[in-house]
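Survey of secondary and tertiary structure
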Amino acid sequence: MSKNKVFAGFIVMLALMLVLSGCGGAGGNAGDGDSQAGGGGEKITLNMMHLWPAGSSAQQNKLVNQIIEQYQKDHPNVVIKQEVLENEQYKNKLKVLSASNKLPDIGITWAAGFMEPYVKGGLFTPLDDLLNGAQLKDKFVAGTTEAYAVDGKTYALPIELNISPIYYNKAIFEKYNLQVPTTYDEFKQVVQTLAGNGVAPIALGNKDRWTGSLWYMYLADRIAGNEALAKAIDGTGSFEDPGLVQAAAEIQSLVDMNAFNKGFNGLSNDEGKSEFMNGKAAMYLMGTWELPNFTTNPDIPQEFKDSIGFFKFPTVNGGKGNVNSWVGGPGVGLFVAENSKVKEEAKAFVEYFVAKWGEQSVTDAGVIPATKVDTSKGNLPQLYVELLNELNNASSITLFADVKMKPNAAQVHLNMIQALFGKAVTPQQFAAEHKQAVEKGN
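Let me begin by describing the structure that accompanies this report. (Residues numbered from 1 in each chain as written. Predicted model: local features only at pLDDT ≥ 70, side-chain atom pairs only at ≥ 80, totals over all residues. Heavy atoms only, no water.)

So, the packing of aromatic side chains
- Scanning the entire structure with this criterion turns up 29 aromatic pairs.
- With centroids separated by 5.4 Å and ring planes inclined at 5°, the aromatic side chains of Tyr-118 and Phe-124 adopt a geometry described as stacked. Each member of the pair Tyr-118 and Phe-124 is classed as buried.
- Three or more aromatic residues joined by ring pairs form one cluster here, namely Tyr-184, Phe-187, Trp-215, Tyr-218, Phe-260, Phe-264, Phe-313 and Phe-421.
- Sitting over the face of the ring of Trp-110, Lys-91 holds its NZ or CZ atom 3.9 Å from the ring centroid. (Phe/Tyr/Trp six-rings, centres within 6.5 Å; stacked < 30°, edge-to-face > 60°. Buried < 20%, exposed > 50% of the residue type's maximum accessible area, 1.4 Å probe, protein only. Lys NZ or Arg CZ within 6 Å of the ring centre and 35° of its normal.)

Brief notes about the sheet that holds strand 1 (residues 44–50)
- On the basis of which strands lie adjacent, the open sheet formed by 5 strands has the order 2-1-3-13-6 and mixed pairing. One side of each edge strand has no neighbouring strand; the edge strands of this open sheet are strand 2 (78–84) and strand 6 (157–158).
- Across 2 bridges, the pairing between strand 1 and strand 3 (residues 106–109) is parallel. Following the sheet pairing, Met-49 is matched in strand 3 by Gly-107.
- Lying over the sheet, helix 3 (residues 87–99) contacts strand 1, strand 2, strand 3 and strand 13 (333–336), oriented at roughly 130° with respect to strand 1. (Pairing = 2+ DSSP bridges. Helix = DSSP H or I, 4+ residues; strand = E, 2+ residues; numbered from the N terminus. Contact = heavy atoms within 4.5 Å. Axes fitted to C-alpha atoms, helices over the stretch in contact; angles between N-to-C directions.)

Observations concerning the packing of helix 8 (residues 210–224) against helix 10 (residues 242–256)
- The contact between helix 8 and helix 10 brings their axes to 8 Å, and the two run at 130°. Taken as axis vectors, helix 8 and helix 10 run oblique relative to one another. Helix 10 is crossed by helix 8, and the crossing has right-handed handedness. Residues Trp-215, Tyr-216, Leu-219, Ala-220, Ile-223 and Ala-224 of helix 8 lie in contact with helix 10, whose contacting residues are Gly-243, Leu-244, Gln-246, Ala-247, Ala-248, Glu-250, Ile-251 and Leu-254.
- Per-class residue counts for the contact of helix 8 with helix 10 are 11 nonpolar, 2 polar and 1 charged. (Parallel < 35°, antiparallel > 145°, perpendicular 65-115°, else oblique. Left-handed = near helix turned anticlockwise from the far one by under 90°. Nonpolar A, V, L, I, M, F, W, Y, C, P; charged D, E, K, R; others polar.)

Notes on the pattern of salt bridges
- Per the counting criterion, the structure on display carries 13 salt bridges.
- In this structure, Lys-120 engages Asp-151 in a salt bridge whose closest nitrogen and oxygen atoms are separated by 3.2 Å. On the criterion of sequence distance, the pair formed by Lys-120 in helix 4 (residues 112–120) and Asp-151 in the loop between strand 4 (149–150) and strand 5 (153–154) is long-range, its members being 31 residues apart.
- As a salt-bridge pair, Glu-359 and Lys-356 come within 3.7 Å of each other at their nearest N and O atoms. Residue Glu-359 and its partner Lys-356 are located together in helix 14 (residues 343–365), separated by 3 residues, close to a single helical turn. (Salt bridge = Lys/Arg side-chain N within 4 Å of Asp/Glu carboxyl O.)

Topic: the environment of Phe-430
- By the element assignment, Phe-430 lies in helix 18 (residues 427–440).
- When its relative accessible area of 1% is taken as the criterion, Phe-430 is described as buried.
- In contact with Phe-430, other than residues within four places in its own chain, are Tyr-216, Ala-248, Met-416, Ile-417, Leu-420 and Val-425.

Examining the nonpolar core
- In this structure, Tyr-167, Phe-187, Trp-215, Tyr-216, Phe-260, Met-283 and Phe-349 are the most contacted members of the largest nonpolar core, which totals 149 residues.
- Apart from the residues within four sequence positions on either side, Tyr-216 is in contact with Phe-239, Leu-244, Ala-247, Ala-248, Ile-251, His-413, Ile-417 and Phe-430. (Core = buried A, V, L, I, M, F, W, Y, C linked by side-chain atoms within 4.5 Å.)

Regarding the environment of Gln-411
- Residue placement: Gln-411 occurs in helix 17 (residues 407–421).
- Residue class for Gln-411 comes out buried when judged on its relative accessible area of 5%.
- In this structure the C-alpha to C-alpha distance between Gln-411 and Ala-437, which are 26 residues apart in sequence, comes to 9.2 Å.

Describing the sheet that holds strand 11 (residues 308–311)
- Strand order in the open sheet formed by 4 strands is 9-10-8-11, and the pairing between neighbours is mixed. Bordering the open sheet on either side are strand 9 (200–202) and strand 11, each of which pairs with just one other strand. For this sheet, the mean angle separating the axes of adjacent strands, direction not counted, is 25°.
- Alignment of strand 8 (residues 166–169) against strand 10 (residues 281–285), held across 3 bridges, turns out to be antiparallel. Counted as the bridge partner of Ile-166 is Leu-285 from strand 10.
- In the packing of helix 7 (residues 184–196) onto the sheet, the strands contacted are strand 8, strand 9, strand 10 and strand 11, and the crossing angle to strand 10 comes to about 140°.

What to know about the layout of surface pockets
- Here the largest pocket is characterised by a volume of approximately 540 Å³.
- Residue lining of the largest pocket: 28 residues in total, with Ala-142, Gly-143, Leu-161, Pro-330 and Ile-397 positioned closest to the centre.
- In terms of residue class, the lining of the largest pocket is made up of 15 nonpolar, 9 polar and 4 charged. (1 Å grid on protein atoms, 1.4 Å probe; cavity = no way out; pocket = protein on both sides within 12 Å on 5 of 7 lines; lining within 4 Å. Points joined across faces, edges and corners; volume = space filled by probe spheres on them.)

Listed below in structure tokens is the structure:
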């Protein structure tokens, strides 16, 4: 859904820095260039920072380069410089650059609570004119752009829409005569069989913490129900709801069952994912941004891609959750820096990028865009079509907790997730820490 991570106290300092930073230097370096983004005129350089490295996000990286190359061809006076960072590095650098008001002209952001400090600090420029312009008007899936609105203005345009299935290796399941589980009891039986045969049931890299949050959120949803989880996240309810405490306890039960690969709490998401990609772990819970690795990425062996299926997070006996309720929501979006010296040119490129990404990401990368998709066009991978159908049939989609929450509360959530998986806190302590953090309201 981009995708959630750094020290809690740093966010407080960041918010203060954003307010106090004033009008420092900008990411752009256009000088006295042409004010139009096309045609001739002075050279204009746009700096773009994103999180799709050629290694771990090969298809997205290829698509970004295709879009940029075409744009530069159509606008010969525009040069677009890229800085590409891995997810965690990207988030950390964004915070550092924001403190000195030196954001790139164009960058990636997540929605809701993640974005709020940047908006409140005057670092992102409104993009409502693009949203309502001829090229993008009515092109977005309903409910996607709202997550990027603050006080009635839209500060980024989403390019992804994600849900989070459990991917599984059909070859491993067949080897141990396992069936796709539809109930949580069946799921635990699958875990026991795999662990008993020396196979890591679940690939997880929980050093990044948001990865473990996906497991907690689904258990919370299935046990306590979507409404209880959503209310706890936004502060109108409480994480001390008995169903949410039970969900925390179930996480520790899975740890006790050796459900996750060894050393999971010290591994990054990419390191944890490699356990699944190398065929050493049977299951992997992650957003649909991983679809390219299971469908279109030519660097992944076809035999492996053919062996990947998915299933919905199982229902819990006696729980209030719906099997068609998903964790996900709008993925990452593009922002334009308020202090960019080439703001209008940057906005013109963002408008072009979002439109082209929507047209090409399906067939070229296997990514679900935030703009509407015509599935009748193109030869789409079956896994993609099946997940898109699930998205269309979703009863609800709960936005990732660390994205939805206020920044400080999000950091508490992430820290508590890692502590919960590491059995450093009890489920009751986990709930109490959340309650206190959400009540602070920042």
